[in-house]
Amino acid sequence: SIAVSAQSNTVLVGGTTPLSATVKNVSGSVMQGVPVSFGTTDPTILSVPATATTNASGVAAVAVAGVNAGTASVNVSALGNAKAQAFTSNLGATALTFTSPSNNGILLINTAQTLTVSAPGAANVTFATTLGKFGNNLTNQTKPFPSPVV
C-alpha cells in the first residue's frame, strides 16, 4: 500500500513544500529501498522530482515546487499502488506599500482616512491597530485584495 502526506496543500510560487509517500507491504510493514514515482498533472503549475526511494522507515520524500499560480495534483505510485495529492500554488505578496495616504502610512488620530495599499500577488490583506479602532469598530480586519479599509 501507499500513503501520501503533505506538510501543506499550498505552496508559494518559487517556494517548496514537502511531500512524502510511505510504502508498506500486505502485512503492514514498511518497505525500504522501493522506488516511488512522482508526477504532476500540470507541470506549468507544480514541479516535482520524478522518483525517490524509500528510506528505512519506508518513506520517500520530495519537495513540491510552485511554478505558477493555479491548482494541480501530484500523482504518486509504487508497486502498482497509486495516490494523488492536490495542491494550490499561490503568488505571495512581495511587498506591501501604502499608496494612500501619501504620507507613507502615517495615520492621523480621530480623523477618517481611507487606506490604499499595493500588495502584488496578495489575495487578502490584514490590517491591525493597537491604538483605537477602525471605522467599523474593529481592531483588526482582513480584506480581500484589492479593497479599501476605512
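Residues numbered from 1 in each chain as written. Predicted model: local features only at pLDDT ≥ 70, side-chain atom pairs only at ≥ 80, totals over all residues. Heavy atoms only, no water.

1. A closer look at the pairing of strand S3 (residues 16-23)
Across five bridges, the pairing between strand S1 (residues 2-6) and S3 is antiparallel. Along S3, the bridge assignment pairs Ser5 with Ser20. Summarising the sheet, S3 and strand S7 (residues 59-66) pair through seven bridges and their orientation is antiparallel. Across the sheet, Leu19 pairs through a bridge with Val62, a residue of S7. (Pairing = 2+ DSSP bridges. Helix = DSSP H or I, 4+ residues; strand = E, 2+ residues; numbered from the N terminus.)

2. Here we look at the nonpolar core
If you look at the biggest cluster of nonpolar residues, it comprises 20 residues, and the most contacted ones within it are Leu19, Val36, Phe38, Leu46, Val74 and Val76. Looking at this core, the elements with two or more residues in it are S3, strand S4 (35-40), S7 and strand S8 (70-78). Broken down by element, this core gets its largest block of residues, four residues, from S8. Filtering out sequence-adjacent residues up to four positions away, Phe38 remains in contact with Leu19, Ala21, Val48, Pro49, Ala50, Thr51, Ala52, Ala60, Val62, Val74, Asn75 and Val76. Among the nonpolar cores identified, the runner-up in size contains five residues, and Val117, Val125, Phe127 and Phe134 belong to it. (Core = buried A, V, L, I, M, F, W, Y, C linked by side-chain atoms within 4.5 Å. Buried < 20%, exposed > 50% of the residue type's maximum accessible area, 1.4 Å probe, protein only. Contact = heavy atoms within 4.5 Å.)

3. Description of the sheet that holds strand S2 (residues 10-12)
Sheet architecture is open: five strands sit in the order S2-S9-S8-S4-S6, paired in mixed fashion. Each edge of the open sheet carries a strand with a single partner, namely S2 and strand S6 (51-53). With strand direction ignored, the average angle separating the axes of adjacent strands in the sheet is 30°. As judged from the four bridges shared by S4 and S8, these two strands associate in the antiparallel manner. Its bridge partner lying in S8, Gly39 is registered against Asn75. (Axes fitted to C-alpha atoms, helices over the stretch in contact; angles between N-to-C directions.)

4. Here's the deal with the environment of Thr17
Looking at where Thr17 falls in the secondary structure, it is placed in strand S3. Taking the relative accessible area as the measure of exposure, Thr17 reaches 5% and is therefore buried. Every residue in contact with Thr17, bar those within four places of it in the chain, is listed here: Gln7, Ser8, Thr10, Val11, Val62, Ala63, Val64 and Phe87.

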